[in-house]
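Residue strings, one per chain:
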Amino acid sequence: MNLVFLGPPGAGKGTIAKEAKVFYSIPHISTGDLFRAEQEKGSELGNKVKAIIASGQLVPDEITIEMVRQRLSQDDTKNGFILDGFPRTIAQADALAGIVDLDYVVNFVVDKDAVIKRISGRRFCKSTGRTYHVIYNPPKVEGIDDETGEPLYQREDDAPERVATRLEVYEKSTAPLIAYYRDKGLLVDVDASPAPETVLENMKKALTK
Ligand code: AMP
């Protein structure tokens, strides 16, 4: 199953994708995670995109499309994939259409206030990538990863002043993809406001229709 997860930052796309990839046995490809991994490695690509990501703006289409093209050429995507955070512009969506056919585009629908609450409490462990939320999914010990005992961090672009930029960028560049994919008959709306288990169940039901 070839899936795209669409929705504003903080809608829970990554959280649902981590469960859905196990259920459907397909890889979860998050362009944000791929960029962050490149930054951690200190690669040329990572260094090039660092300042853009920290500012909350989008990485240029050519760079992002090329990275996704390479990732989708790997063998593990043969039986499907979940693209999380890509496409984010019409140009990316057009490029994706030239690479693969999609089965569904899941549009995670959630209001702005909920998104801000989710993002402001989000924390992660640098080495495992495990994510937490200070209220909705707290670690056993405050500020510490359950498995490794390492400290938890807030993403630089999750800082309040960056979140406003990211939401503006979403409205301007990414929200038009809702109509784009609805016109193609690929869009499935899923209410992303309930707890993740409920969102996941509702999505699974919607994708069998
Ligand atoms: P995310 O983890 O999906 O919120 O992505 C974090 C950041 O990575 C975004 O704010 C962008 O700067 C960059 N990024 C991720 N995916 C894309 C994309 N498809 N196009 C452009 N920039 C992206």
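Residues numbered from 1 in each chain as written. Predicted model: local features only at pLDDT ≥ 70, side-chain atom pairs only at ≥ 80, totals over all residues. Heavy atoms only, no water.

Draft legend 1. The arrangement of the environment of V100 in detail. Position of V100 among the secondary structure elements: in the loop between α5 (90-97) and β4 (104-109). Between the alpha carbons of V100 and D183 there is a distance of 18 Å; along the sequence they are 83 residues apart. In this view, V100 contacts N2, L72 and F81; residues no more than four positions away in its chain are not counted. (Helix = DSSP H or I, 4+ residues; strand = E, 2+ residues; numbered from the N terminus. Contact = heavy atoms within 4.5 Å.)

Draft legend 2. Spatial organisation of the nonpolar core. L3, F5, F108, M203 and L207 are the most contacted members of the largest nonpolar core, which totals 25 residues. Contributions of two or more residues to this core are made by β1 (2-6), α1 (13-24), β4, α6 (112-120), α7 (160-174), β8 (187-191) and α9 (196-206). (Core = buried A, V, L, I, M, F, W, Y, C linked by side-chain atoms within 4.5 Å. Buried < 20%, exposed > 50% of the residue type's maximum accessible area, 1.4 Å probe, protein only.)

Draft legend 3. Expanded view of a nonpolar patch on the surface. Together, V134, I135 and Y136 make up a nonpolar patch on the protein surface, roughly 340 Å² of accessible area in all. In this fold, V134 is placed in the loop between β6 (131-133) and β7 (152-153). (Patch = residues over 30% accessible without salt bridge, like charges linked within 9 Å, V, L, I, M, F, W, Y side chains within 5 Å. Areas by Shrake-Rupley, 256 points an atom, 1.4 Å probe, with all protein chains shown as cover. Salt bridge = Lys/Arg side-chain N within 4 Å of Asp/Glu carboxyl O.)

Draft legend 4. Main features of the packing of aromatic side chains. In total, this model carries 3 aromatic pairs according to the counting rule given. Ring plane angle 85° and centroid distance 4.9 Å describe the contact between F23 and Y24, whose orientation is recorded as edge-to-face. On the numbers, 4.9 Å between centres and 85° between planes, the contact of Y180 with Y181 is edge-to-face. As far as the burial class goes, Y180 and Y181 line up, both buried. Seen from the ring of Y180, K184 lies directly overhead, with NZ or CZ sitting 4.6 Å from the centre. (Phe/Tyr/Trp six-rings, centres within 6.5 Å; stacked < 30°, edge-to-face > 60°. Lys NZ or Arg CZ within 6 Å of the ring centre and 35° of its normal.)

Draft legend 5. Representation of the packing of helix α2 (residues 31-41) against helix α4 (residues 61-72) within the structure. Two elements in contact, α2 and α4, have axes separated by 11 Å at closest approach and are oriented at 95°. Overall, the two elements α2 and α4 adopt an arrangement that is roughly perpendicular. In contact with T31, L34 and F35 of α2, α4 contributes I63, T64, M67, V68 and R71. Its residues placed into classes, the contact of α2 with α4 shows 5 nonpolar, 2 polar and 1 charged. (Axes fitted to C-alpha atoms, helices over the stretch in contact; angles between N-to-C directions. Parallel < 35°, antiparallel > 145°, perpendicular 65-115°, else oblique. Nonpolar A, V, L, I, M, F, W, Y, C, P; charged D, E, K, R; others polar.)

Draft legend 6. Broad picture of the sheet that holds strand β3 (residues 81-84). If you trace the 5 strands from one edge of the open sheet to the other, you get β2-β3-β1-β4-β8, paired in parallel fashion. The sheet terminates laterally at β2 (28-30) and β8, the two strands that pair on one side only. Adjacent strand axes in the sheet meet at a mean angle of 25°, parallel and antiparallel pairs treated alike. One ladder, built from 4 bridges, connects β1 with β3; its direction is parallel. Of the residues in β3, the one forming a bridge with F5 is D84. (Pairing = 2+ DSSP bridges.)

Draft legend 7. View of the pairing of β3. In β3, alternate side chains face the same way, and those of F81 and L83 on one face and I82 and D84 on the other are all buried. Bridge count between β2 and β3: 3 bridges; the pairing is parallel. Bridging from a neighbouring strand, H28 pairs with I82 of β3.

Draft legend 8. Layout of the packing of α6 against α7. Running from amino to carboxyl end, α6 crosses α7 at an angle of 135°, the nearest separation of the two axes being 11 Å. Taken as axis vectors, α6 and α7 run oblique relative to one another. Once α6 is placed against α7, the crossing between them reads as right-handed. Mapping the contact onto sequence places K112, V115, I116 and I119 in α6 and V163, R166 and L167 in α7. Its residues assigned to classes, the contact of α6 with α7 shows 5 nonpolar, no polar and 2 charged. (Left-handed = near helix turned anticlockwise from the far one by under 90°.)

Draft legend 9. Summary view of the site of the ligand. For the ligand, the set of nearby residues contains 16 residues, the closest of which are T31, R36, Q57, G85 and Q92. At a separation of 2.9 Å, a nitrogen atom of the ligand approaches a polar side-chain atom of Q92. Between the ligand and R166 there is a distance of 3.2 Å, counted from an oxygen atom to a side-chain nitrogen or oxygen. Alone, the ligand offers 480 Å² of accessible surface; in the complex the protein occludes 95% of this. For the shell around the ligand, the element with the highest residue contribution is α2, accounting for 4 residues. (Near = heavy atom within 4 Å. Polar contact = N/O pair within 3.5 Å; in protein donor to acceptor, adjacent residues only side chain to side chain.)

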